[in-house]
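Geometric and topological summary
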Amino acid sequence: MKRMFSWAAAIALVLGAVQTQGQSVIFDFEDGTDNGFGTGFGNDASANFTIANIAGSMRMFVPRTGAFQEAGVAHGADGSAFFNAMAAAAISPATYNVSYDYYIDTSTWGAGAGTFFQVGTYVNTGSGFYAQDFGTPKEVELNGTQVASGQVFSGHVSVNMAAVGFSMPAGETFFRLGLIENGNGTAQGVYFDNISVSPVPEPASLTLLGLGMAGLLVLRRRRS
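Let me sum up the structure you'll find in this document.

Conventions and cut-offs
Residues numbered from 1 in each chain as written. Predicted model: local features only at pLDDT ≥ 70, side-chain atom pairs only at ≥ 80, totals over all residues. Heavy atoms only, no water. Helix = DSSP H or I, 4+ residues; strand = E, 2+ residues; numbered from the N terminus. Buried < 20%, exposed > 50% of the residue type's maximum accessible area, 1.4 Å probe, protein only. Contact = heavy atoms within 4.5 Å. Areas by Shrake-Rupley, 256 points an atom, 1.4 Å probe, with all protein chains shown as cover. Polar contact = N/O pair within 3.5 Å; in protein donor to acceptor, adjacent residues only side chain to side chain. Core = buried A, V, L, I, M, F, W, Y, C linked by side-chain atoms within 4.5 Å. Phe/Tyr/Trp six-rings, centres within 6.5 Å; stacked < 30°, edge-to-face > 60°.

A closer look at the overall build of the protein chain
From N to C terminus, the protein chain includes four helices and 11 strands. When the 224 residues of the protein chain are sorted by exposure, 45% land in the buried category. Looking at the protein chain alone, contacts between residues at least 24 apart form 79% of all its contacts between residues at least 6 apart. As displayed, the protein chain has an accessible area near 10,900 Å², and 56% of this comes from carbon and sulfur atoms.

Rendered as C-alpha cells:
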C-alpha cells in the first residue's frame with residue numbers, strides 16, 4: 001500500500017510540475033455560458049453565443065456571419081487566468097500553444113452550405129498588435145464536396161504561438177484571442193470546445209509522467 005501511495009505521490013508531483021511551469025486558461029463552456037466571448041472586436045456583452053450539449057460536452061456555437069473575425073474573448077490587466085496566460089505567452093511564445101476542439105455538422109447547412117469553409121485564430125493587444133493564423137494550410141478547411149456531404153467533421157487543433165506569428169509584445173495591458181470563420185454559405189458555423197492558451201509540456205516532465213503511470217499500473221496488477 002505504501003508503495004502505491006509513493007507512486008501516486010510521484011505522479012502528482014510531476015503533474016504539478018507540468019501544470020505550474022506557466023499560466024494557462026481553458027474555456028470549456030461547462031457552466032452553460034459563453035465564458036465571456038463576444039463579437040470579433042467587441043466585449044462580452046456584444047454577443048451571446050448558444051451553448052449546446054453535443055456528444056456529452058458543452059460547446060459554443062459560432063455562426064459565420066461574414067465578419068471574418070467572428071468571436072473573441074478579451075481582458076485587461078485584471079489578474080484573470082486569461083490575461084495571465086496571454087501575458088506569459090507574450091514573454092515566451094515558443095513555449096505556448098493555442099488549441100481547441102471543433103465540431104462541424106454540415107447536415108444542418110442544407111441549401112446554405114456554400115462551396116468552402118475555413119477556420120482560424122487571431123490575437124491582438126492594446127498597443128494595436130494583430131496577427132492571425134490563416135495561411136496555408138488552414139487550421140480547419142472543408143471543400144465543396146465536404147460542405148455538401150451532410151456529414152460531421154470534428155477534431156482537435158493545436159498551434160504553437162511562435163510558429164504562427166503570435167509573438168505579442170511583452171508588457172501589454174490588454175489581450176484578445178479570437179476565432180476566424182471564412183466561407184460563402186449562409187448556414188455555416190462551428191461548435192467550439194476546450195479553447196485554451198497553455199504551456200507546451202516539457203519533454204522531460206512528460207517522460208517522468210509516463211514512467212510514473214507505468215509503475216503505478218504494474219503495482220496495481222501485482223495487487224490484483
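Here the narrative resumes, following the displayed structure.
Concerning unusual backbone geometry
Going from Thr 136 to Pro 137, the amide bond is cis rather than trans, its omega being 5°. Within the secondary structure, Pro 137 is located in the loop between β7 (130-133) and β8 (140-142). A positive phi angle is found at Phe 29, which is not glycine, with a value near 60°. On the secondary structure map, Phe 29 appears in the loop between β1 (25-27) and β2 (50-54). Taking the relative accessible area as the measure of exposure, Phe 29 reaches 0% and is therefore buried.

What about the side chain of Asn 35?
Among the structural elements, Asn 35 can be located in the loop between β1 and β2. Here Thr 33 takes part through its side chain, which lies 3.2 Å from a polar atom of the side chain of Asn 35.

Let's talk about the nonpolar core
Residues Phe 37, Met 60, Ile 104, Met 161, Leu 177, Ile 195 and Val 197 are the most contacted members of the largest nonpolar core, which totals 46 residues. Counting residues per element, this core draws most heavily on helix α2 (residues 81-91), at seven residues.

Overview of the side chain of Gln 188
With respect to the helices and strands, Gln 188 occurs in the loop between β10 (174-183) and β11 (189-199). Within the structure, Gln 188 has its side chain in polar contact with the backbone nitrogen of Gly 185 (distance 3.4 Å).

Remarks on the packing of aromatic side chains
Any two aromatic rings considered together are summarised by their centre-to-centre distance and by the angle between their planes. Within this structure, the stated rule accounts for 12 aromatic pairs. Between Phe 41 and Tyr 130, the aromatic rings sit 6.3 Å apart at their centres with planes inclined by 45°, giving tilted as the arrangement. Residue Phe 41 is found in the loop between β1 and β2, and its partner Tyr 130 is found in strand β7; the two are separated by 89 residues along the sequence. Considering the side-chain rings of Tyr 122 and Tyr 130, the 5.6 Å spacing of their centres and the 35° angle between planes classify their relative orientation as tilted. Note on Tyr 130: relative accessible area 32%, which makes it partly exposed.

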